[in-house]
Amino acid sequence: MSQSKQAGSRDIADKIDAVRHSIDQAAAKSGRNPADIHLLAVSKTRPAADIETAFHAGQRDFGENYLQEAIEKIQALQELPITWHFIGRMQSNKTRPIAENFSWVHTLSSLKHARRINEQRPENLPAMNVCIQVNISHEDSKGGINSEQVEQLATEISKLPGIRLRGLMAIPEATENREVQRKAFANLAGLLSQLNLKGFELDTLSMGMSGDMEIAIEEGATIVRIGTAIFGARAP
Ligand SMILES: *Cc1c(COP(=O)(O)O)cnc(C)c1O
């Protein structure tokens, strides 16, 4: 029994190494500094023990989608200096646990949610790092706001002292077509550049998952959100 558990630990550590290696290679290919690309391990549906294993393999940033599950793991692992990122769908009545337990939110798409996070952020914590989620592939089912609305939301959010606007995030449509993937990432990167030309100082592009990480890095990702390639396939 303990043997299969050890194999699992080694497995996660090996996969983290492999993902880091892929990040380095994709960075080299596009002439980027690998240090500018951060690995966010997406641990949704995974037990706290897996997160601990990844932590001991050097991983520090973890992303969670489902609040109740996330809070349980955050409490179980509170002794470890982990940086927690909320990457799930936001709901108005559930902003407080996000404000109190996370360092980052990648999925902000409304001023209402931003104001609640701003008000609910505990005073002893630094401002919440936030990315605006953009519906870059114009899919009805996806969260995020349309590209045309981003500048106005960014302007309003930037006035809130409890929030530090860092950049943009997207989950492009699922497709095997590399050029469609690339276009979506390039569009998000272009949007970030436009905002910075207008005076924003944004340093984060949260884009790229297990299936499209390399292309996202080639197009400028600074945070890749990786679940399956580290922890294996999730139960459906
Ligand atoms: C689940 C999830 C990921 C990780 O996806 P994988 O394909 O398992 O790497 C990344 N980002 C978000 C927002 C997710 O919900």
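The rules we used
Residues numbered from 1 in each chain as written. Predicted model: local features only at pLDDT ≥ 70, side-chain atom pairs only at ≥ 80, totals over all residues. Heavy atoms only, no water. Phe/Tyr/Trp six-rings, centres within 6.5 Å; stacked < 30°, edge-to-face > 60°. Helix = DSSP H or I, 4+ residues; strand = E, 2+ residues; numbered from the N terminus. Buried < 20%, exposed > 50% of the residue type's maximum accessible area, 1.4 Å probe, protein only. Lys NZ or Arg CZ within 6 Å of the ring centre and 35° of its normal. Near = heavy atom within 4 Å. Polar contact = N/O pair within 3.5 Å; in protein donor to acceptor, adjacent residues only side chain to side chain. Areas by Shrake-Rupley, 256 points an atom, 1.4 Å probe, with all protein chains shown as cover. Nonpolar A, V, L, I, M, F, W, Y, C, P; charged D, E, K, R; others polar. Salt bridge = Lys/Arg side-chain N within 4 Å of Asp/Glu carboxyl O.

Some points on the packing of aromatic side chains
At step 1: Considering all chains together, one arrives at two aromatic pairs under this definition.
At step 2: Judged by centre distance (6.1 Å) and plane angle (40°), the rings of Phe62 and Trp84 are tilted. Remark: Trp84 occurs in strand β3 (residues 83-86) and Phe62 occurs in strand β2 (residues 61-64); sequence separation between them is 22 residues.
At step 3: Seen in terms of ring centroids, Phe86 and Phe102 are 5.5 Å apart; in terms of plane orientation they differ by 75°. Their pairing is edge-to-face. Taken as a pair, Phe86 in strand β3 and Phe102 in the loop between α4 (95-101) and β4 (104-108) lie far apart in primary sequence, 16 residues in all. Summarising the burial analysis for this pair, Phe86 and Phe102 share the class buried.
At step 4: Positioned above the aromatic ring of Phe55 is the side chain of Arg60, whose terminal nitrogen or guanidinium carbon lies 3.8 Å from the ring centre.

Some thoughts on the site of the ligand
At step 1: In the vicinity of the ligand lie 13 residues, with Lys44, Asn65, Ser210, Thr228 and Arg234 positioned nearest.
At step 2: Between the ligand and the protein, one listed contact pairs a nitrogen atom with a side-chain N or O atom of Arg225 at 2.8 Å.
At step 3: Between an oxygen atom of the ligand and a main-chain N or O atom of Gly227, the distance comes to 2.8 Å.
At step 4: Protein chains shield 90% of the accessible area of the ligand, which is 390 Å² for the free molecule.
At step 5: Here the residues of the shell around the ligand sort into six nonpolar, four polar and three charged.

As for the pattern of salt bridges
At step 1: In this structure the tally under the stated criterion is eleven salt bridges.
At step 2: Between Glu179 and Arg182 there is a salt bridge whose closest N-O contact spans 3.9 Å. On the criterion of helical spacing, the pair formed by Glu179 and Arg182 is a turn pair, its members being three residues apart in helix α7 (residues 178-197).
At step 3: A relative accessible area of 52% means that Glu179 is categorised as exposed.
At step 4: The class of Arg182 is partly exposed, set by a relative accessible area of 23%.
At step 5: One salt bridge in this structure joins Arg182 and Glu218, with 3.0 Å as the shortest N-O distance. Separated by 36 residues along the polypeptide, Arg182 in helix α7 and Glu218 in helix α8 (residues 213-218) bring together distant segments of the chain.
At step 6: Put simply, Lys29, Glu179, Arg182, Glu218 and Glu219 are held in one network by salt bridges that share partners.

Overview of unusual backbone geometry
At step 1: A positive phi is found at Thr45, a non-glycine position, where the angle reads about 70°.
At step 2: Topologically, Thr45 is positioned in the loop between β1 (38-42) and α2 (48-56).
At step 3: The phi angle at His138 is positive, at roughly 50°, despite the residue not being glycine.
At step 4: You can see His138 is positioned in the loop between β5 (128-133) and α6 (147-157).
At step 5: Classification of His138 by relative accessible area gives exposed; the value is 51%.

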